[in-house]
Amino acid sequence: MNMKNRLLVFTDLDGTLLDFHTYSFAPALPALNALKECGMPLVIVSSKTRAEIEPLLDELPLTSRLFIAENGSAIYLDRKSAVPPGVQAELKSGYRTIVLGRRYEEVLDALDRTKKICKARVKGFRDMTDRGVARLTGLDIVSARLARKREYSEPFTFQGSEDKLHCLKAELQEMGMTCLEGGRLFHAMGRAGKGLATEMVINLFRSAPGGSQWKTVALGDGPNDMDMLRCADIAVVMRRPDGTWMEYDPEPLQLVIKPGGIGPAGWNESVAALLNELGNLR
Ligand SMILES: [Mg+2]
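Only a predicted model underlies this, so the values are computations on that prediction, with no experimental measurement involved.

*Asks:* Would you mind going over the pairing of strand β1 (residues 6–11) with me for this structure?
*Replies:* Looking along a regular strand, one sees the side chains alternate between the two faces of the sheet. β1 sits mainly inside the fold: 6 of its 6 residues count as buried. Burial along β1 is two-sided: the face carrying Arg6, Leu8 and Phe10 and the face carrying Leu7, Val9 and Thr11 are both buried. Inspection of the sheet shows β1 paired to strand β11 (residues 214–220) by 6 bridges, in the parallel sense. Within β11, the position partnered with Thr11 by the bridge is Leu219. Here 3 bridges tie β1 to strand β2 (residues 42–45), and the two strands are oriented parallel to one another. Note that in β2 the partner of Thr11 across the bridge is Ile44. Regarding topology, helix α1 (residues 29–37) serves as the crossover connection from β1 to the parallel β2, and that connection is right-handed.

What follows is the structure, encoded as structure tokens:
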């Protein structure tokens, strides 16, 4: 391996590494295997919970089990990992965990209070059954159960006027939380984000001996990936099932790739091209 060309890859899951409809990563397998063969770490950065991501860690060819869950609320490292001085990390559920968000109970409490103040019609995953979450998200019942094992954020539906939504967002903000807007759901959580967590992981790698050699790549398809894409040397903006790409203004000197393939096919295409370009594929 050429030590000058080490890739550190950050990836979103749904619509990026996983097919938007089938949740399959099969089209990305050649590049996933090549990454592993070259010893390059792949970091999952998702809105999904730890419980949803763990089964994927067993299925994917990976060199490291480091991942970022619940939209950047927590970074899960190997329990033996060292963290730089000044970084708080706790041993929990077999991981060394860096918590950037707020505890689920605190998030629920803030959401409850906000709901009352704004008299808003809000329904969170806590208020739903596994079956209800499955119906709402299109996940199967097992995955829906895992999606309800929340630690730091609460997805919710909201029905009401723009004014009420504005009230919700402002009150959550006031309580030190944030409200992210997804495709069909809103997410209440602490003031974390995929970008902040990604930046922290990049710093962990770069502060290790020889760390300046890492070239960083981020792949994502949606607005909540924007700040993660901004952290990397190379941003890969994924093609969506409707054939379009999200609008993205690159950072100065940043290389942007817009693959032709959709979801995992585009993932395969861009990561293989990058490995090739850096001379890691023979
Ligand atoms: Mg996505």
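*Asks:* Just to check I follow, could you spell out the environment of Ile202 for this structure?
*Replies:* Along the chain, Ile202 falls in helix α7 (residues 194–206). Judged by local crowding, Ile202 falls into the buried class, with 20 C-beta atoms found within 10 Å. Note: C-alpha distance between Ile202 and Ala26 (176 residues apart in sequence) is 27 Å. Ignoring anything within four residues of it in the chain, the contact list for Ile202 reads Leu8, Thr216 and Cys231.

*Asks:* It is not clear to me how the sheet that holds β1 should be interpreted in this structure. Could you clarify?
*Replies:* Each strand in a sheet pairs with its neighbour through backbone hydrogen bonds, running either in the same direction (parallel) or in the opposite one (antiparallel). Taking strand neighbours across the sheet as the criterion, the 9 strands line up as β5-β6-β4-β3-β2-β1-β11-β12-β13 in an open arrangement whose pairing is mixed. Two strands lie at the open edges of the sheet, namely β5 (90–92) and β13 (255–257), each paired on one side alone. The sheet shows a mean angle of 25 degrees between the axes of neighbouring strands, taken without regard to direction. Taken strand by strand, helix α2 (residues 50–59) contacts β2, β3 (67–69) and β4 (74–78), and its axis lies near 150 degrees from that of β3.

*Asks:* Help me understand helix α6 (residues 162–174), please; the structure alone is not making it clear to me.
*Replies:* Spacing of three or four residues puts side chains on the same side of an α-helix, whose turn is 3.6 residues. With 13 residues, α6 should reach 18 Å at 1.5 Å per residue; the first-to-last C-alpha distance of 18 Å fits that figure. Residues of α6 that are buried: Leu168, Glu171 and Leu172. The arc that holds every buried residue of α6, seen down its axis, measures 100 degrees, which confines them to one face. Along α6, exposed side chains directed more than 90 degrees from the buried face belong to Glu162, Asp163, His166 and Glu174. On the buried face of α6, the contacting elements are α3 (104–118), β8 (153–159), β9 (177–181) and β10 (186–190). Downstream of α6 by one or two residues, Gly176 has phi in the positive range, about 80 degrees.

*Asks:* Before we go on, may I ask you to explain the environment of Lys194 in this structure?
*Replies:* On the secondary structure map, Lys194 appears in helix α7. The class of Lys194 is buried, set by 28 C-beta atoms lying within 10 Å. Between the alpha carbons of Lys194 and Ser207 there is a distance of 20 Å; along the sequence they are 13 residues apart. Not counting the four nearest positions on each side in its chain, Lys194 is found in contact with Val45, Ile68, Asn71, Gly72, Asn224, Asp225, Asp227 and Met228.

*Asks:* Is there a simple way to think about the sheet that holds strand β7 (residues 121–124) in this case?
*Replies:* Spatial strand order, β7-β8-β10-β9: 4 strands in an open sheet with antiparallel pairing. The open sheet is flanked by β7 and β9, the only strands paired with a single partner. Neighbour-to-neighbour, the strand axes of this sheet turn through a mean angle of 35 degrees, independent of strand direction. Where β7 lies against β8, 4 bridges are found, and the strand directions are antiparallel. For Lys123, the partnering residue across the bridge sits in β8 and is Thr157. On top of the sheet, α6 reaches β8, β9 and β10; it is set at about 140 degrees to β9, its chief contact.

The rules behind these values
Residues numbered from 1 in each chain as written. Predicted model: local features only at pLDDT ≥ 70, side-chain atom pairs only at ≥ 80, totals over all residues. Buried ≥ 20, exposed ≤ 12 C-beta atoms within 10 Å, placed from the backbone. Helix = DSSP H or I, 4+ residues; strand = E, 2+ residues; numbered from the N terminus. Pairing = 2+ DSSP bridges. Right-handed = clockwise from strand over helix to strand, strands pointing away. Contact = placed C-beta atoms within 7 Å. Axes fitted to C-alpha atoms, helices over the stretch in contact; angles between N-to-C directions. Expected span 1.5 Å × (residues − 1). Arc of directions from axis to C-beta.

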